[in-house]
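Inside the fold
The residues making up each chain are set out below.
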Amino acid sequence: MAAPLARHVVRDLAAEHGACLRPVQLRRTEIDTGFIEQVLIPCGHTLASVCPSCAERARILRAAQCREGWHLDREPVIDPDPATQDQRALVTDRAETQEGRDLLASEGLDTTELDDQISELDEAITDSGLRGRVLPARPRRHRSTRRRQDAAPLPRRTVNPRTVGKTYTAPDGKTFRPSLFITLTCPSYGRVGEDGAPADPDTYDYTRAARDALHFAALFDRFIQNLRRFTGYDLQYFAAIEPQRRLAPHVHLAVRGTISRQELREVIAATYHQVWWPSTETVKYDGAHVPLWDEHTSTFLDPDTGEVLPTWDQALDAIGDQDEPLHVARFGARFDAQGVLAGSKDASRCIGYLTKYLTKHLGDCHQAATDGQAAHAARLADALRYEPCSPTCANWLRYGIQPRNARPGLRPGACKGKAHRREYLGYAGRRVLVSRKWSGKTLADHRADRRTWLTSTLGLPATDPARYSWEPVKPGDPDHMPNGQRLLHVVADRIQWQTALEQARRRAAEADLPATGSAA
């Protein structure tokens, strides 16, 4: 039993050499010659518990993205490619179809056929390579924009398209352009100990903690909007979401440019997010007493009276002007802001801090080491179980409301949304939030830059993607390789790549030696 298992040694070797533990097998066919070969590509998973090698590569890529955009001294150039003739033709067809559909709707006629045609055109427009949608999926509801009386005033300025921060000049004439590293937290829900567990669990506000976590992404988006309006320029940021020891989310931001702490304090005090959802104060259905699905009307009915439950839109229409929002999310008054210079040790330290937990689930960042911490996590999970996470959440049935896009099989307390799972701690949004003009590149562009550097260092020619067609190799195919065989291939390939890269670096260093020696 003390002898190591061979397959475990293979996995350890793969992890040691940075190879993917779950390589995906593809069949690549050269279109001109018909030559077929098997290609193994990394799975690309971002969790270290699933594939540590791919997760580490993803973390390094995020760190490079953060570093490249944090201290830019020039405006990033973002020029979209012009639309092709086929794309323009699709949008033209979409416009003509929309006009015909609206004309029929104004006359009270059936628009089913044109609605189906519009859906097909929208799908074709997306497949053609255009970003976004011609029209939103559903019209937005508009609430009063009047600020709350309990919120601090927020001065607004016209937002300048500038994205680069201010340049400062020292008395000796040296110029520098500092940036900021900011940390924002949630407010207090009750006193907690050093381990993050509540001092008095009975008075800890778990309901508010759960709702703040569910709507944390929307609150952060509102903060960025207010910050841009307050500072008067198109502020750019790289943000990462992490949990505190008390399991409440907080956000670290790398912000291009500088803002005074007093200004940050004013913006934080003036920032809030109102959740205009139906009330959840009264529980109407619980346990086995739940609404019933009617197949004939495709609606949920009251199990006692047979009445149709109000739909999501009807429940929103019932919210009057005098009603209060379901929840108002705010940041805590405590925050941290540090000035950071480009190329300094602080910059590297902050980038490492931003990407520290990206390879873990939120719930795995802080392991429960005491009974109090475990009980705290369990109470938070219980609070999140019946808290509605979205308009489509099955928990709305608990409060007598049909969720949006209702379907059979929905049960309160059994919503499959990520926010209800323990490993997400109520936050189901993206872990990394990056503004569009941060570095002028997408994550795919940064990945392509690394690939180009590697191929140029090794002296490999660039490949034309149009030369090949790709298809996945399924388990039933005769050329399918089991995972163990794939691992053996990727270990051998990884060792060859690392050897070739070391030789290329050695040749480059030897080529620089004469120049370095003469300069000395």
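The text that follows walks through the structure, step by step, so that each part is easy to find. (Residues numbered from 1 in each chain as written. Predicted model: local features only at pLDDT ≥ 70, side-chain atom pairs only at ≥ 80, totals over all residues. Heavy atoms only, no water.)

Digging into the overall build of the protein
A count of helical and extended segments in the protein gives 12 helices and 14 strands. In terms of principal-axis extent, the alpha carbons of the protein reach across some 85 × 70 × 65 Å. When each of the 520 residues of the protein is scored for burial, the buried share is 38%. Here the contacts in the protein between residues at least 6 apart in sequence split such that 74% fall between residues at least 24 apart. Counting 71 positive and 67 negative side-chain charges, the protein places the centres of these two groups 8 Å from one another. (Helix = DSSP H or I, 4+ residues; strand = E, 2+ residues; numbered from the N terminus. Buried < 20%, exposed > 50% of the residue type's maximum accessible area, 1.4 Å probe, protein only. Contact = heavy atoms within 4.5 Å. Lys, Arg positive; Asp, Glu negative; His and termini not counted. Charge placed at Lys NZ, Arg CZ, Asp CG, Glu CD.)

Digging into the packing of aromatic side chains
A complete count under the given rule lists 12 aromatic pairs for this structure. Ring geometry for Phe216 and Phe331: centres 5.7 Å apart, planes at 90 degrees, overall edge-to-face. Separated by 115 residues along the polypeptide, Phe216 in helix 6 (residues 216-231) and Phe331 in the loop between strand 11 (327-329) and strand 12 (335-340) bring together distant segments of the chain. Three or more aromatic residues joined by ring pairs make a cluster, and in this case those are Phe216, Phe223, Phe331 and Tyr427. Over the aromatic face of Tyr233 sits the side chain of Arg162, whose NZ or CZ is 4.3 Å from the ring centroid. Positioned over the ring face of Tyr386 is Arg398, at 4.0 Å from the centre of the ring. (Phe/Tyr/Trp six-rings, centres within 6.5 Å; stacked < 30°, edge-to-face > 60°. Lys NZ or Arg CZ within 6 Å of the ring centre and 35° of its normal.)

Looking at unusual backbone geometry
At Leu247, a position not held by glycine, the phi torsion is positive, near 75 degrees. The residue Leu247 is located in the loop between strand 6 (237-243) and strand 7 (249-255) in this model. One non-glycine residue with positive phi stands out, namely Ser298, at about 55 degrees. For Ser298, the position within the fold is in the loop between strand 9 (292-294) and strand 10 (299-301). A relative accessible area of 42% places Ser298 in the partly exposed class.

Remarks on the layout of surface pockets
Considering only enclosed or pocket space, the largest pocket measures out at about 2200 Å³ in volume. What lines the largest pocket is a set of 45 residues, and nearest its centre among them are Pro42, Arg451, Leu454, Arg494 and Trp497. With 9 residues, the top contributor of residues to the lining of the largest pocket is helix 12 (residues 483-519). A per-class count over the lining of the largest pocket returns 24 nonpolar, 9 polar and 12 charged. (1 Å grid on protein atoms, 1.4 Å probe; cavity = no way out; pocket = protein on both sides within 12 Å on 5 of 7 lines; lining within 4 Å. Points joined across faces, edges and corners; volume = space filled by probe spheres on them. Nonpolar A, V, L, I, M, F, W, Y, C, P; charged D, E, K, R; others polar.)

Overview of the pattern of salt bridges
If charged atoms from side chains of opposite charge come close, those side chains can pair. Counted under the stated rule, the structure contains 22 salt bridges. Here Arg27 ties to Asp479 by a salt bridge, and the two come within 2.9 Å at their closest N and O atoms. You can see Arg27 sitting in strand 1 (residues 24-30) and its partner Asp479 sitting in the loop between strand 14 (468-472) and helix 12, a full 452 residues away along the chain. In this structure Arg27 comes out as buried when scored by relative accessible area, which is 12%. On the basis of relative accessibility, which here comes to 25%, the residue Asp479 falls in the partly exposed class. Because the salt bridges share partners, they merge into one network encompassing Arg27, Glu471, Asp477 and Asp479. (Salt bridge = Lys/Arg side-chain N within 4 Å of Asp/Glu carboxyl O.)

A look at the environment of Gly100
Along the polypeptide, Gly100 turns up in helix 3 (residues 85-106). Relative accessible area serves as the criterion here: at 25%, Gly100 is assigned to the partly exposed category. Taking the C-alpha atoms as reference points, Gly100 and Thr111, separated by 11 residues in sequence, lie 9.1 Å from one another.

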